[in-house]
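Chain residues, written in single-letter form:
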Amino acid sequence: MGKMIDGRFTVLVGVMIGLSCAGLGFLFGTGSDISDIQGLYTTLMVVNIIILVPFCRDRAERIAGKYISKEQGMVEAAGVLRDNVQQLQEEFWIKERANKAKSQFLNRMSHDLRTPMNAIMGYSMLLEQNSSNTQKVEYYARKINMSGHSLLEMINDVLDASSLESGQVKLINSEFSITEALEDVKAAVKPQMDNKNQQFGFYVTDSAGIDRVLADRHRLCQVLRNLLSNATKYTPEGGTIDMIVNLIGTKPGELQFLCQIKDTGCGMSSDFMDRMFQPFEREENRASDNVQGTGLGLGIARSFTELMDGELQVESQLEKGTLVTVRLPLVSAEGTTVVLQNLHHNRNVMEGLRFLAAEDNESNAEILTEVLAGMGAECVIKRDGQAVVEAFEQSAP
């Protein structure tokens, strides 16, 4: 359409110029007076202006519209480009901060892994040198056990973080006593608290009247252990840690597990709380400089909580303490596990049983054999799964 109008405009201009020239030529040819020629010229100019002005205005508007449209397009393109650059800058700084956090994590791990390992080796040497002193043997054994748990906790954190990142974690639900699970968690963290002379308040209220539940016991206990371990690490000697649990009935056969862990530790700054769930992140201050850990525990606890359809919330104030709240939906398993419950309390349940296990590590094989022997069971170790299958096929019924 634009090209058609441009063509008509060109033709019209040519016609008007032609007519003007023809009129002037006629007057000159007839020897007309100069005033007549000027009058005709003026008349032709007025006519040309009257006729051409609308076309010129239309053409000018169309040309201006093209330039305005192009300018608007350039402005929009510049806006999109600016947004893309800003997004790329934000992604770059996020990755840069993550890489920095990983580097700091590796530097910490090189120190934190050596610390419990050196303790294990040192106390093992002292244990050997003082094997006749029962009191020292018990003391060194406790220290070795605590260092081993610390080392295992860091290794498990790294493995769990890797599994969560790759999406390979799956829940394994089973029936268990929530009271017994909480007692196991308490027993696992109490030695660390005693070592720092911390006061531990442990309160359980069963408003639902339900003890046996169906859930992933291992992951539930791991969440609580991680949170209590953090509270212990960041609470000074002589501080206080409270764990308040309430089992609340919601629907028939269903309940909510509500757990609050409160400490009087160093707390967290508002700046750090914005990134506290990110992997490898740790608050950098004087209170945390000497704390061993991976910076993964809190993020892992939240990930497992959400995996179990729950939620984890954190409230904290610097130099005053932290409150962590965990809410989990649980399903009642009351009345379905009497036999298993009786077996759980039978200390001789392993008596007379025979086990066939695959283990290629000599130390692990020896430990497994001795543990089972102490429970009255017999264990045969094979180096791999194929050897286990062959031994099973050849064994007596």
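## So, the overall build of the chain
Check the secondary structure of the chain and you find 11 helices and 9 strands. Burial analysis of the chain (397 residues in total) assigns 30% to the buried set. Long-range pairs, those at least 24 residues apart, make up 70% of the contacts in the chain between residues at least 6 apart in sequence. Total accessible area on the chain stands at roughly 25400 Å², and carbon and sulfur atoms take up 56% of it.

## A look at the environment of V204
Mapped onto the elements of the fold, V204 is located in strand β2 (residues 199–206). Owing to a relative accessible area of 39%, V204 belongs among the partly exposed residues under this scheme. Sequence separation between V204 and C259 is 55 residues; the distance between their C-alpha atoms is 9.0 Å. Setting aside residues up to four positions removed in sequence, V204 forms contacts with L182 and V245.

## Re the pattern of salt bridges
Summed over all chains, the structure comprises 7 salt bridges. The salt bridge partner of E378 is R354, with a shortest N-O separation of 3.8 Å. Of this pair, E378 sits in strand β9 (residues 378–382) while R354 sits in strand β8 (residues 354–358), and the two are 24 residues apart along the sequence.

## Thoughts on the packing of aromatic side chains
Centre-to-centre distance and the angle between the planes together describe a pair of aromatic rings. As enumerated under the stated definition, the model contains 4 aromatic pairs in all. Seen in terms of ring centroids, Y123 and Y140 are 5.9 Å apart; in terms of plane orientation they differ by 35°. Their pairing is tilted. Residue Y123 is found in helix α3 (residues 114–129), and its partner Y140 is found in helix α4 (residues 134–166); the two are separated by 17 residues along the sequence. Residue classification places Y140 among the buried residues on the basis of a relative accessible area of 9%. Measuring from ring centre to ring centre gives 6.1 Å for F200 and F202, while their planes differ by 40°; the resulting arrangement is tilted.

## Topic: the packing of α4 against helix α6 (residues 217–233)
Contact geometry of α4 with α6 gives a least axis separation of 13 Å together with a crossing angle of 125°. Between α4 and α6, the crossing angle belongs to the class labelled oblique. Considering the relative orientation of α4 and α6, their crossing is left-handed. Taking contact as the criterion, the partners of E153, D157 and D160 in α4 are, on α6, R219, Q222, N226, S229 and K233. By residue class, the composition of the contact of α4 with α6 is no nonpolar, 3 polar and 5 charged.

## Observations regarding the confidence of the model for the chain
Confidence in the prediction of the chain, expressed as mean pLDDT, is 78, and 69% of residues score 70 or more. Below pLDDT 50 for its whole length, residues 336–347 participates in 7 contacts with residues either more than four positions away or in separate chains.

## Here's the deal with the packing of α6 against helix α8 (residues 297–307)
At a closest axis distance of 9 Å, the pairing of α6 and α8 adopts a crossing angle of 150°. Taken together, the axes of α6 and α8 are roughly antiparallel relative to one another. The handedness of the crossing between α6 and α8 comes out as left-handed. The residues of α8 that touch α6, namely those facing R219, Q222, V223, N226, L227 and N230, are G297, L298, I300, A301, F304 and T305. Counted by class, the contact of α6 with α8 contains 6 nonpolar, 5 polar and 1 charged residues.

Parameters at a glance
- Residues numbered from 1 in each chain as written.
- Predicted model: local features only at pLDDT ≥ 70, side-chain atom pairs only at ≥ 80, totals over all residues.
- Heavy atoms only, no water.
- Helix = DSSP H or I, 4+ residues; strand = E, 2+ residues; numbered from the N terminus.
- Buried < 20%, exposed > 50% of the residue type's maximum accessible area, 1.4 Å probe, protein only.
- Contact = heavy atoms within 4.5 Å.
- Areas by Shrake-Rupley, 256 points an atom, 1.4 Å probe, with all protein chains shown as cover.
- Salt bridge = Lys/Arg side-chain N within 4 Å of Asp/Glu carboxyl O.
- Phe/Tyr/Trp six-rings, centres within 6.5 Å; stacked < 30°, edge-to-face > 60°.
- Axes fitted to C-alpha atoms, helices over the stretch in contact; angles between N-to-C directions.
- Parallel < 35°, antiparallel > 145°, perpendicular 65-115°, else oblique.
- Left-handed = near helix turned anticlockwise from the far one by under 90°.
- Nonpolar A, V, L, I, M, F, W, Y, C, P; charged D, E, K, R; others polar.
- pLDDT = per-residue confidence, 0-100.

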